[in-house]
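For reference, the chains in residue letters:
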Amino acid sequence: MERGEVERSLSDAADRLRKPWERRVAVLRIAADLGLEVVLAFHDSLRLGGTRIQLEQRPPRILLYRTGATPGEKLLTAADEWRLTPRERFSVAHEIGHWIVSEQLGVPPAETSRDYWRQEEWVNSFAGCLLVPERLIKTWLAAIPETKPVPPIGLWRMATRELRVSQEVLARVIV
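Residues numbered from 1 in each chain as written. Predicted model: local features only at pLDDT ≥ 70, side-chain atom pairs only at ≥ 80, totals over all residues. Heavy atoms only, no water.

**Q** Sorry if this is basic, but what is going on with the packing of aromatic side chains here?
**A** What characterises a pair of aromatic rings is the spacing of the ring centres plus the angle enclosed by the ring planes. Enumeration according to the criterion identifies one aromatic pair in this entry. On the basis of an interplanar angle of 80° and a centroid distance of 4.8 Å, the ring pair of Y116 and W117 is categorised as edge-to-face. Residue Y116 is classed as partly exposed on the basis of its relative accessible area, which comes to 39%. W117 sits in the exposed class, given a relative accessible area of 54%. (Phe/Tyr/Trp six-rings, centres within 6.5 Å; stacked < 30°, edge-to-face > 60°. Buried < 20%, exposed > 50% of the residue type's maximum accessible area, 1.4 Å probe, protein only.)

**Q** Could you clarify how one ought to interpret the packing of helix α6 (residues 152–163) against helix α7 (residues 167–174) in this entry?
**A** Close contact between α6 and α7 brings their axes to 9 Å; oriented N to C, the two are set at 110°. With respect to their mutual orientation, α6 and α7 come out roughly perpendicular. Read as a crossing pair, α6 and α7 show a hand that is right-handed. In this structure, α6 uses P152, L155, W156, M158, A159 and L163 to contact α7, whose residues at the interface are Q167, L170, A171 and I174. (Axes fitted to C-alpha atoms, helices over the stretch in contact; angles between N-to-C directions. Helix = DSSP H or I, 4+ residues; strand = E, 2+ residues; numbered from the N terminus. Parallel < 35°, antiparallel > 145°, perpendicular 65-115°, else oblique. Left-handed = near helix turned anticlockwise from the far one by under 90°. Contact = heavy atoms within 4.5 Å.)

**Q** Hey, could you run me through helix α4 (residues 113–131) in this one?
**A** Between the first and last C-alpha of α4 there are 27 Å, a value that for 19 residues agrees with the 27 Å anticipated at 1.5 Å per step. Burial in α4 covers these residues: Q119, E120, W122, V123, F126, A127, G128, L130 and L131. (Expected span 1.5 Å × (residues − 1).)

**Q** Sorry, what's going on with the pairing of strand β1 (residues 37–43) here?
**A** Along a regular strand, successive side chains alternate from one face of the sheet to the other. In terms of burial, β1 is a largely internal element, five of the seven residues being buried. Of the strand pairs in this sheet, β1 and strand β3 (residues 61–67) are connected by seven bridges, and their pairing is parallel. Bridge assignment links H43 to a residue of β3, and that residue is T67. As defined by bridge partners, β1 adjoins strand β4 (residues 72–76) across five bridges and the pair is classed as antiparallel. Bridge pairing in β4 links L40 to K74. (Pairing = 2+ DSSP bridges.)

**Q** What exactly am I supposed to notice about the layout of surface pockets here?
**A** Where empty space is left in the structure can be found by rolling a water-sized probe over the atoms. The calculated volume of the largest pocket comes to roughly 510 Å³. What lines the largest pocket is a set of 24 residues, and nearest its centre among them are S125, F126, G128, C129 and V173. Of all elements in the fold, only α1 (3–17), α4, α5 (134–142) and α7 reach the threshold of two or more residues within the lining of the largest pocket. For the lining of the largest pocket, the element with the most residues is α4, which contributes seven residues. Class assignment of the residues belonging to the lining of the largest pocket gives a composition of twelve nonpolar, four polar and eight charged. Put simply, the second largest pocket is a space of about 300 Å³. Around the second largest pocket sit 18 residues that line it, and H94, E95, H98, Y116 and E120 are the ones nearest its centre. (1 Å grid on protein atoms, 1.4 Å probe; cavity = no way out; pocket = protein on both sides within 12 Å on 5 of 7 lines; lining within 4 Å. Points joined across faces, edges and corners; volume = space filled by probe spheres on them. Nonpolar A, V, L, I, M, F, W, Y, C, P; charged D, E, K, R; others polar.)

Right, dumping it as structure tokens:
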């Protein structure tokens, strides 16, 4: 698949996965609808962190690592959305993007550093598109006069209160 084709396919996938009435996208529901498990993996090491997807496992699992006093795992359901931080919501969306690239678009895992970073760019863009619906941005920006800059407090409110994403994610989607 060509680069532009992958990007368009991911953008289309984000549109299909979002419910039109949702202001805040439910990433755990989307993962469940796709047959993916999302697991909070608690560990006692500060070195282990981040998020990863186990594509080889059935069903595929997205592991969200958190530091905790007692190591263990908790399988998350759609009802656990409130447990996720904005960063974790982005990470789950990002890993869903990896699953779509691999399983639905048939793009093999990256073999070179260049291919790896290209795929990371694709799935980061997918995560932003999924979490920040274009229609909300258009409505929000339409309320700001063209001669005025985007107010930082407005950016903060939209990101944190309405969408539960970081300001950086929202700003990247707006640009």
